[in-house]
Structures are given as C-alpha cells and as structure tokens.
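Secondary and tertiary structure notes
What follows is the residue order along each chain.
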Amino acid sequence: MLDRQRRSASMKCYAFPWTRNVQCGIKVREIRTNFQQVETKVPRNDKMTYYDEISEGYEELHKEEQLKKVELISKYLKVKPDDLLLDVGCGTGLTTKPWKCKTVGADPAIKLLEKAGKGIWVNAEAEHLPFKDNTFDWVISVTAIQNFNDIEKGLKEIKRVGKGKYVLTFLKKSNKNIYILELLHSLYKVKNIVEEDKDLVFVIE
Ligand SMILES: C[S@@+](CC[C@H](N)C(=O)[O-])C[C@H]1O[C@@H](n2cnc3c(N)ncnc32)[C@H](O)[C@@H]1O
C-alpha cells in the first residue's frame, strides 16, 4: 500500500476535496445533498504544517482555553438543529463539535483532522474552500485567521461560502492584528466585537 493510501485508510471520517474519494463511511451522495460541495481543483494538502507537527500535544496544550472561547461564542451563536455550520481552521474539531447542528470542519493540517473523530472533515485551506457560494448558515473560525497564508483571500472565501452569519476570532497578540481588524471591517458588517482573554471575537450578521 502506498504511504498516502495507508494514511487515508486509517482515517475515521474524512471528506477530501470533491473529486477525490470520500473516505471511510461518508457517502458521496450524502455530502453532495447536504453540503453542496463542488468540484474543485484544490489539491489535497500534503504539506506538513507546524500544526501537523504539534498534533500529538495540541489538545493537551489548548483544549481548555479553546473551550472557554467556545463558551463565550455560544452567547452569540444561536444555531438551529437544521443549520449548516462550517468551522474554518477547525484543528481537532474542538471548536466544531459543540454546536448542535450540522457541522463541517476544514483545516489544512491533516494530522489534526485525523484526531477529530466522527464528523465531516475537509482537508482544505481557508484560501481555497471547496464549497459553493452561500452554502453555510454559519461560518466560524476560532484562533485561525492569523495563521492564514493570505488573510484577505481567506476572509473573502469565508464570506463567499457563508449566507451572512459569521463568528470570527483571532489572537490579540498576533503581529497582524491591526491588519486583520481593518480587513474585517472593510469586508464585513461587524455587529459586535467581544474581547476575550486571548482573542478578539467578531460577531457578524
Ligand atoms: C490555534 S489552531 C485553532 C484550531 C481550532 N479552531 C481550535 O480552536 O482548537 C489554528 C488552526 O489554524 C489552522 N490553519 C493554519 N493555516 C490555515 C489556513 N491557511 N486555512 C485554514 N486554517 C489554517 C491550523 O492548521 C490550526 O488548526
């Protein structure tokens, strides 16, 4: 077995960008119907990222602080059971799984996705989201924006695949914080900005 095939086979639930096979129990038809994924030329990301490298210890290091952020976000993010939510830069799914609706997580770090367990996980960067326009009722991104390679492109993609409701956070201490703040104001109609211990939380509706 090729190394690449072995890696895919070992994953529990994993949806590769569209024309590729959907792995391990997620039916192509189901994804087509529910998530309107589209054909995409985005290649599967085989690059090892910093987050792949720290994947073993990620939750031990960050779970508590990320779940605190989820708790704060839940005051603003009121999902209905039929809503479809995308979490961009979902990592191990800590910020994807708490929402009581249909969820999809996207992240370029395959080793973090491998730890996410049951769910729909897509190996993709924010800059190339393999979804049709206006697909998701909610798009969230928690502590990931400052990591995007092209922040403007990623934020435009998030806007494109969403229907108008977003909760986006980034690290306050990032040296790109002013740039991100200005971009968010220029691209979105920001309803609320909430200051959390480590992140700024933008609520957009
Ligand atoms: C601090 S972690 C946050 C993960 C998750 N949201 C959480 O709160 O546990 C930052 C995440 O951003 C992801 N990331 C890095 N570059 C990205 C990109 N270009 N597009 C989307 N996500 C990216 C990383 O792989 C990582 O999972």
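Here, the structure is the one placed above.
Residues numbered from 1 in each chain as written. Predicted model: local features only at pLDDT ≥ 70, side-chain atom pairs only at ≥ 80, totals over all residues.

Focus: the environment of Thr143
Looking at where Thr143 falls in the secondary structure, it is placed in the loop between β6 (136–141) and α6 (151–161). Along the sequence, Thr143 and Phe170 sit 27 residues apart, while their C-alpha atoms lie 4.5 Å from each other. (Helix = DSSP H or I, 4+ residues; strand = E, 2+ residues; numbered from the N terminus.)

Observations concerning the environment of Lys69
Relative to the helices and strands, Lys69 resides in helix α4 (residues 58–73). Separated by 74 residues in sequence, Lys69 and Thr143 place their C-alpha atoms 9.3 Å apart. If sequence neighbours within four positions are ignored, Lys69 has contacts with Val142, Thr143, Thr169, Glu196 and Asp199. (Contact = placed C-beta atoms within 7 Å.)

What about the nonpolar core?
Leu86, Ala106, Val139, Ile140 and Leu168 are the most contacted members of the largest nonpolar core, which has 40 residues in total. For Leu168, the residues in contact, after removing those within four places along its chain, are Ile140, Ser141, Ile145, Leu184, Phe202 and Ile204. (Core = buried A, V, L, I, M, F, W, Y, C linked by C-beta atoms within 7 Å. Buried ≥ 20, exposed ≤ 12 C-beta atoms within 10 Å, placed from the backbone.)

So, the packing of α6 against helix α7 (residues 177–187)
At a closest axis distance of 11 Å, the pairing of α6 and α7 adopts a crossing angle of 35 degrees. The handedness of the crossing between α6 and α7 comes out as right-handed. Taking contact as the criterion, the partners of Ile151, Glu152, Leu155, Lys156 and Lys159 in α6 are, on α7, Tyr179, Ile180, Leu183, Leu184 and Leu187. (Axes fitted to C-alpha atoms, helices over the stretch in contact; angles between N-to-C directions. Left-handed = near helix turned anticlockwise from the far one by under 90°.)

Focus: the site of the ligand
Residues in contact with the ligand amount to 24 residues; listed here are only the nearest, Gly89, Gly91, Ala109, Ala126 and Ala144. When its residues are assigned to classes, the shell around the ligand shows eleven nonpolar, ten polar and three charged. (Near = placed C-beta within 6 Å. Nonpolar A, V, L, I, M, F, W, Y, C, P; charged D, E, K, R; others polar.)

Structural notes on the pairing of strand β8 (residues 190–195)
Within β8, only zero of the six residues are buried, which leaves the element largely exposed. In the sheet, β8 pairs with strand β9 (residues 199–204) via five bridges, with the strands oriented antiparallel. Pairing of Val194 across the sheet is with Val201, part of β9. Between β8 and β9, which follow one another and run antiparallel, lie three residues. (Pairing = 2+ DSSP bridges.)

Thoughts on unusual backbone geometry
The phi angle at Asn134 is positive, at roughly 50 degrees, despite the residue not being glycine. Relative to the helices and strands, Asn134 resides in the loop between β5 (121–122) and β6. Assessed through the 12 C-beta atoms surrounding it within 10 Å, Asn134 is described here as exposed. For Thr143, which is not a glycine, the phi torsion comes out positive at approximately 55 degrees.

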